[in-house]
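# Residue-level structural notes
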Amino acid sequence: TNTPAITSTSPVAFKAHMNYLLSEKIAVWPLEKLIKALKKGETLPGKVVSLTFDDAYDNIYYNAWPLLRALNWPFTLFIASDLVGKKGYLSWDQIREMNQGGMSVANHTQTHTHLLRKLDTEDHPTWLQRIKKEILDAELAISDQITTLKPNRMKFIAYPYGEYNRDILNLIASLG
């Protein structure tokens with residue numbers, strides 16, 4: 001699958017990056033473990049990373065997953081739930097397979113919308129309600145499709161395009 005060059009790397013470059021982590025003995029932790037350690041103020045190993053992917057492009061399954069599975073390294077996949085199953089994107093079966101193999105699934109909204117952009121017809125409360133629905137509907141799709149998720153799991157969201165503001169931060173906090 002052709003993915004945007006600004007947010008993607010080639011399979012050859014990805015493998016080189018993973019080989020670098022391996023050769024430099026950089027620990028690869030699940031995102032939840034790293035965040036919990038940071039929140040508790042625990043001392044981290046000298047070199048530790050968490051691996052994440054956004055958008056659920058199918059090249060993750062074909063290129064990244066075989067390498068990460070062979071290395072037994074965890075990673076988190078942030079999915080925009082409405083894109084799953086569309087051409088060039090992962091299927092729910094592929095996501096479930098990787099989840100059973102140690103990958104974590106997290107929220108990247110329902111449609112990968114620009115969170116900060118209000119529609120012409122939206123006032124502030126209507127916009128916030130739409131964004132809330134984007135997040136909750138994606139979370140519902142994830143929990144419906146990935147039945148092995150722990151109910152008390154730490155929930156994450158990756159902001160599409162990295163965009164957010166104070167209202168979005170407050171909304172996310174209110175949703176847990």
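First, a word on scope: everything that follows refers to the structure included in this document.

Calculation criteria
Residues numbered from 1 in each chain as written. Predicted model: local features only at pLDDT ≥ 70, side-chain atom pairs only at ≥ 80, totals over all residues. Heavy atoms only, no water. Helix = DSSP H or I, 4+ residues; strand = E, 2+ residues; numbered from the N terminus. Axes fitted to C-alpha atoms, helices over the stretch in contact; angles between N-to-C directions. Parallel < 35°, antiparallel > 145°, perpendicular 65-115°, else oblique. Left-handed = near helix turned anticlockwise from the far one by under 90°. Contact = heavy atoms within 4.5 Å. Nonpolar A, V, L, I, M, F, W, Y, C, P; charged D, E, K, R; others polar. Buried < 20%, exposed > 50% of the residue type's maximum accessible area, 1.4 Å probe, protein only. Arc of directions from axis to C-beta. Pairing = 2+ DSSP bridges. Phe/Tyr/Trp six-rings, centres within 6.5 Å; stacked < 30°, edge-to-face > 60°.

## Overview of the environment of Thr121
- Within the element layout of this structure, Thr121 appears in the loop between β5 (104–107) and α5 (124–145).
- It is 26 Å that separates the C-alpha atoms of Thr121 and Leu140, two residues lying 19 residues apart in sequence.

## Structural notes on the packing of helix α1 (residues 11–23) against helix α3 (residues 59–71)
- Two numbers describe how α1 lies on α3: the axes approach to 10 Å, and their chain directions differ by 20°. Taken together, the axis directions place α1 and α3 in an arrangement best described as roughly parallel. Our pair here, α1 against α3, has a crossing hand that is right-handed. Contact residues: Pro11, Phe14, Lys15, Met18 and Leu22 in α1; Asn63, Ala64, Leu67, Leu68 and Leu71 in α3.
- Of the residues assigned to the contact of α1 with α3, the class counts are 8 nonpolar, 1 polar and 1 charged.

## A few points about the packing of α5 against helix α6 (residues 166–175)
- Contact pair α5 / α6: the axes reach a minimum separation of 11 Å and the direction vectors enclose 50°. Judged by the inter-axis angle, α5 sits oblique to α6. Seen along the crossing, α5 lies across α6 with a hand that is right-handed. Contacts from His124, Trp127, Leu128, Ile131, Lys132, Ile135 and Leu136 of α5 reach α6 at Asp167, Ile168, Leu171, Ile172 and Leu175.

## A short note on helix α4 (residues 92–100)
- Within the span of α4, buried status applies to Trp92, Gln94, Ile95, Met98 and Asn99. End-on, the buried residues of α4 take up no more than an arc of 160°, which puts them together on one face. Within α4, the exposed residues directed more than 90 degrees away from the buried face are Asp93 and Gln100.
- Looking at the buried residues of α4, the elements they touch are α3, β4 (76–79), β5 and α5.

## Focus on the sheet that holds β4
- One open sheet holds the 3 strands; their spatial order is β3-β4-β5, and the pairing between them is parallel. For this open sheet the edge positions go to β3 (52–54) and β5, each flanked by a neighbour on one side alone. The sheet shows a mean angle of 25° between the axes of neighbouring strands, direction not considered.
- In the sheet, β4 pairs with β5 via 4 bridges, with the strands oriented parallel. Bridge pairing in β5 places Thr76 opposite Ser104.

## Regarding the packing of aromatic side chains
- By the definition in use, this model includes 6 aromatic pairs.
- For the pair Phe14 and Phe53, a centre-to-centre distance of 5.9 Å together with 50° between the ring planes defines the contact as tilted. With a gap of 39 residues between them, Phe14 in helix α1 and Phe53 in strand β3 connect regions that are remote in the sequence.
- Given the relative accessible area of 12%, Phe14 is considered buried.
- According to the relative accessible area criterion, Phe53 is buried, its value standing at 15%.
- Both rings, one in Phe53 and one in Phe75, keep their centres 5.4 Å apart while their planes meet at 85°; by these two values the pair is edge-to-face. With Phe53 in strand β3 and Phe75 in the loop between α3 and β4, this pair connects stretches of sequence that are 22 residues apart.

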